[in-house]
Structures are given as structure tokens and as C-alpha cells.
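Chain by chain, the residues:
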Amino acid sequence: MEKRHKEKKNLFFLRFYLISALVIAVAFILFGIMILVMITMHWWNEKMDMLNVNSVSISADYVNAVYKERDTMSTLLLGNDIRTISEATEADYFICDMDGKVLVCREFLETGGRVCQQHANMNISTDLVERAKKEKFSSFTSIDENIRDSFIVAMPIVYNGTVVAEMFAVEDAVKGLLPYVGSMCKLIFFALIITLLIAYIIIYFYSRRITKPIGDMIEATSHYAKGDFSYHVNAEGSSPEMVSMAEAMNKMVDELAIDDKAKKSFVANVSHELKTPMTTIGGFVDGILDGTIPKEKEDEYLRTVSNEVKRLSRLVVAMLNLSKIESGEISIKPTRYNVSSQIVEVLLSMEQRIDEKKISVEGLENMGDLKIYADRDLLHQVIYNLLDNAVKFTPENGTIYFFGKYENDATTVTVRNSGQGVSDEEISRIFERFYKVDQSRSFDVKGVGLGLYIVKTIINMHDGVIKASSKQGEYTEFKFTIPDYKS
């Protein structure tokens, strides 16, 4: 009889263990597949962006060399530039005429102004040629019948409003994506195997502990069925077990939450910081390409794009050191400059959004040349985040007000926007990391609640203070003060 009871207890343990192991295995496999898909999609987007940016650059160089400078040497050197970019990105860049015949390739300089044999014999798909005359596009297909499927970016090259040539960027999918996916699969596979082995060992011992009191209950019922009421279930083995399991689970969840929060914090901060210059760059470049921006203003907007690219480079470095900034390991580099001009620069980058909502901007004319002693790049993020927040939450035909003053060796800047405002409870938490105003009323459906947290962090680095106030139904106001010198 005892052997039979022992077999029942072991069978219960085995079922519990196998079900737990199966659930965890399926979850880990699905997790691995999701990670692989996300990594592959990220790789695809990065690759397409890189091919697109390089294609735009080469197209501009081609127009300058062939139609503006009209210099043979410049055209030959263009081939050398294409070779350099091709080797650096492991992609093939070339320029075709309107019939799909290659005009310039990476071998152009070496062949003395002729395309290489490979490109001379290339028979580009008629569909791709016709499509490239009309629009810029990205695709995964074969550029001609002798070349396997590749990642392709194509765009028309326009001069004086006329399509004069076509730009193609091609990367072999087998050489690019498949090795990358293969290496990721191996990495994820080995990580899953190791993690599963560790998890199974832990599950085994915990399953023993969890099923023991239940097994005692099963054995107890057999005694009760026979009328033996002298057998008592060990209560100590039951309740403390569940308490211990709950404590272990809570501890594990807390540790996982901290780790997940740290990862999300880094990704969210990077996304939030990098989207600022990328949005500006993309908008101005698209405006130039589609003709929205007049030709006479292209240089002005290109200078803005150039400045944003340089700032983007600085932001990448800054975001990689975000943890050091928060811990105070990185010191700021303050200089005295005109913060009013900086506000105007940020407003210009948001000009389209402001015009679309017909927002009025007031108070700048009263600020004059307001000087501030701060790190220019870091404070640019503060101003951008505050204005982005103001534009986002200002209703149509609303107003954004600016106030600025210098007194007691400190500079104070105030940004106020009309709108529905926020409650006192929300205003007290508005600078918390990941906190977002009431989701049911918020216009910020895509935000991650980091903008104002970053603002407060940077202001604190300057030994400054920032305050938020609001009157519901009327306005929301942010006021920061930065002293001339850190104490």
C-alpha cells in the first residue's frame, strides 16, 4: 500500500514537472523567435536607411559633377567615391540612364571613364527602371535575371525639375541577411539551451518542494478513507512552502522588473533623443526631394540638416554615457551664449507642426538677447523637449508664451502653453521617469514618458531648478532657473 501511495506522489510530481517544463520550453522558444524577428526587422530597417542615405549622397555628387561643375575629372572621381562607399557598406552602387544602361559604377576611375564589364552587361529589369523614373523606393527582388534576390534602393536623379538619371543601390541578400540571421539563430539557440537546462534544474527541486505537501494530502485521504483519523497532514510543510514560493516569486519578479526597466529605460532614452534630429533631417530632406522647399531656400535648410547631423553624432555619444550622466560621472561643459537664439532655432525645426495647428508664439520679442551659462547641447535637449511638449498639448489656434529674465546671477526661462492643463496630482508626478499624464486625455499616444525626466536630469546637472504649474482649462507652465556658476 505504501508503495502505491509513493507511486501516486511520484506520478503527480512527474506530471507537474513535465507540464511546467513544457510551458517554459514553449515560452522560451516563442521568445527566441520573437527576438529573432525583431532583430531581423531592425537589421532590415538599418540596411535600408544606410542604402538610402548613401544613394542620396551619390545622387547629389553626380548632379554636381555632371550638370553643375561639368568637369570630367569630377565625374571620374565620382566613381572612386562610389567604390569607397561600396567597399565600406558591402553594397553595389551605380547610376543608370533612363533606359537602364549603367553610366557610372565603382570601377569608373580605374577604367578611365567607362563602366566595368559586369555593369556594362547588366540587364536591369524594365519594371525597376520605369519605377525608378517616378519615385524613390526600396524592394527585395532581383535586379536582373542573372542576379539572385537582393536588397534594392532606387531613386530618380533630378536636375532642374527633370529626371536625368537613376540611382541604384544593391546588396546581395545571401551575403547580408542570411549570415546575420544564421549567427543570431546560433546565438539564440545556445542561449535557450543553457537557460532551459538551468531552468529545468531549478524547476526539478522546486517541484519537489511544491508537490510534497500535496502528496501528503493525497496520502492522508487514503488513511481517512479507511477510517484512520490518527494520520495528520504536516501543516508546517504546506503553509511555509507556499509562503516561501511567494517570496521567491516576488523576489524573482522584482529582479526581472529592475532588469527589464533598465533595458527599456536605455532603449526609450536612445529613441527619444535620436528621433529629434532624425525627424528634422528627414523632413527637410524629403521637402527638398519632393520640391516642397523652394530651390532658393535649399541651402538654408541643408545647413540646418548639416547642423542636425553633427548634433546627432554628439547625441549618440551622449546617450551611450546616459548612465554616467545620471550618476554624476560626466561633467557638463558650460559656456555663456544667447538662449533666445537657441529657442528660435528649435522653434524653426518645429515650424511645420506649429503652422499645422495654427499656434501663436508670443513673448520672444520681449526676451531680447538673454544670456545663459550652460552646456549648449544639453540645454538644447531641455528646450526641445519643453517645446515639443508645448506644441503637442497646445490645441489648434492656441498660444505658446515665452518669458525670460536674468537676475541674481541666474537665468530663468518660462514656457507656457494654453490648453486643458493637468491636475495637481499629475503635476506633482510629471517629472517622474516613464510617467505620462492621464492616458484617456493625453495627446501623447506615442510618447514614453521620458522627455520631462530628461529635462529635470539636465537641469539638476546645472545645479538649477525646474518647476511645473498648471491651471486646468487654461494653461500648463514650465519654469527653469540656471545659476551662472556651479557651486
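Residues numbered from 1 in each chain as written. Predicted model: local features only at pLDDT ≥ 70, side-chain atom pairs only at ≥ 80, totals over all residues. Heavy atoms only, no water.

A. View of the overall build of the chain. Looking only at helices and strands, the chain features 14 helices and 12 strands. Per-residue burial for the chain yields a buried fraction of 40% across its 487 residues. Restricting to contacts in the chain with at least 6 residues of sequence separation, those with at least 24 account for 66%. Entry remark: accessible area of the chain is about 28100 Å², with carbon and sulfur atoms responsible for 58%. (Helix = DSSP H or I, 4+ residues; strand = E, 2+ residues; numbered from the N terminus. Buried < 20%, exposed > 50% of the residue type's maximum accessible area, 1.4 Å probe, protein only. Contact = heavy atoms within 4.5 Å. Areas by Shrake-Rupley, 256 points an atom, 1.4 Å probe, with all protein chains shown as cover.)

B. View of helix H9 (residues 339–349). All of the buried residues along H9 are Val 339, Ser 340, Gln 342, Ile 343, Val 346 and Leu 347. Down the axis of H9, the sector holding all buried residues measures 160 degrees, keeping them to one side. The backbone nitrogen of Ser 340 has a side-chain oxygen 3.0 Å away, supplied by the residue at the start of H9, namely Asn 338. (Arc of directions from axis to C-beta. Polar contact = N/O pair within 3.5 Å; in protein donor to acceptor, adjacent residues only side chain to side chain.)

C. Expanded view of the pattern of salt bridges. Inspection of the entire model under this criterion finds 13 salt bridges. Taking the shortest distance from any N to any O, the salt bridge between Glu 130 and Lys 133 comes out at 3.1 Å. Taken together, the positions of Glu 130 and Lys 133, both in helix H4 (residues 126–134) and 3 residues apart, correspond to about one turn of that helix. The class for Lys 133 is partly exposed, based on a relative accessible area of 24%. When salt bridges that share partners are traced, they join Arg 83, Glu 87 and Glu 107 into one network. (Salt bridge = Lys/Arg side-chain N within 4 Å of Asp/Glu carboxyl O.)

D. Representation of the packing of H9 against helix H12 (residues 376–393) within the structure. Look at H9 against H12: their axes get within 10 Å of each other, and the N-to-C directions meet at 50 degrees. The angle between the axes of H9 and H12 places the two elements in the oblique class. Relative to H12, the crossing made by H9 is right-handed. Where H9 abuts H12, its residues Val 339, Gln 342, Ile 343, Glu 345, Val 346, Leu 347 and Ser 349 lie against Arg 376, Leu 379, His 380, Ile 383, Tyr 384 and Leu 387. (Axes fitted to C-alpha atoms, helices over the stretch in contact; angles between N-to-C directions. Parallel < 35°, antiparallel > 145°, perpendicular 65-115°, else oblique. Left-handed = near helix turned anticlockwise from the far one by under 90°.)

E. Fine view of the sheet that holds strand E7 (residues 360–362). Ordered in space as E7-E9-E10-E12-E11, the 5 strands form an open sheet in which the pairing is mixed. Either end of the sheet is taken by a strand with one partner, and the two such strands are E7 and strand E11 (465–471). Strand-to-strand twist in this sheet, taken as the mean axis angle between neighbours without regard to direction, amounts to 15 degrees. (Pairing = 2+ DSSP bridges.)

F. Region of interest: the packing of aromatic side chains. Overall, the coordinates contain 5 aromatic pairs when judged by the stated rule. Aromatic pair Phe 94 and Phe 168: ring centres 5.8 Å apart, planes at 20 degrees, arrangement stacked. Here Phe 94, found in strand E1 (residues 92–96), pairs with Phe 168, found in strand E5 (residues 162–172); they are 74 residues apart in sequence, far enough to count as distant. Look at Phe 94 and you get buried, because its relative accessible area is 0%. (Phe/Tyr/Trp six-rings, centres within 6.5 Å; stacked < 30°, edge-to-face > 60°.)

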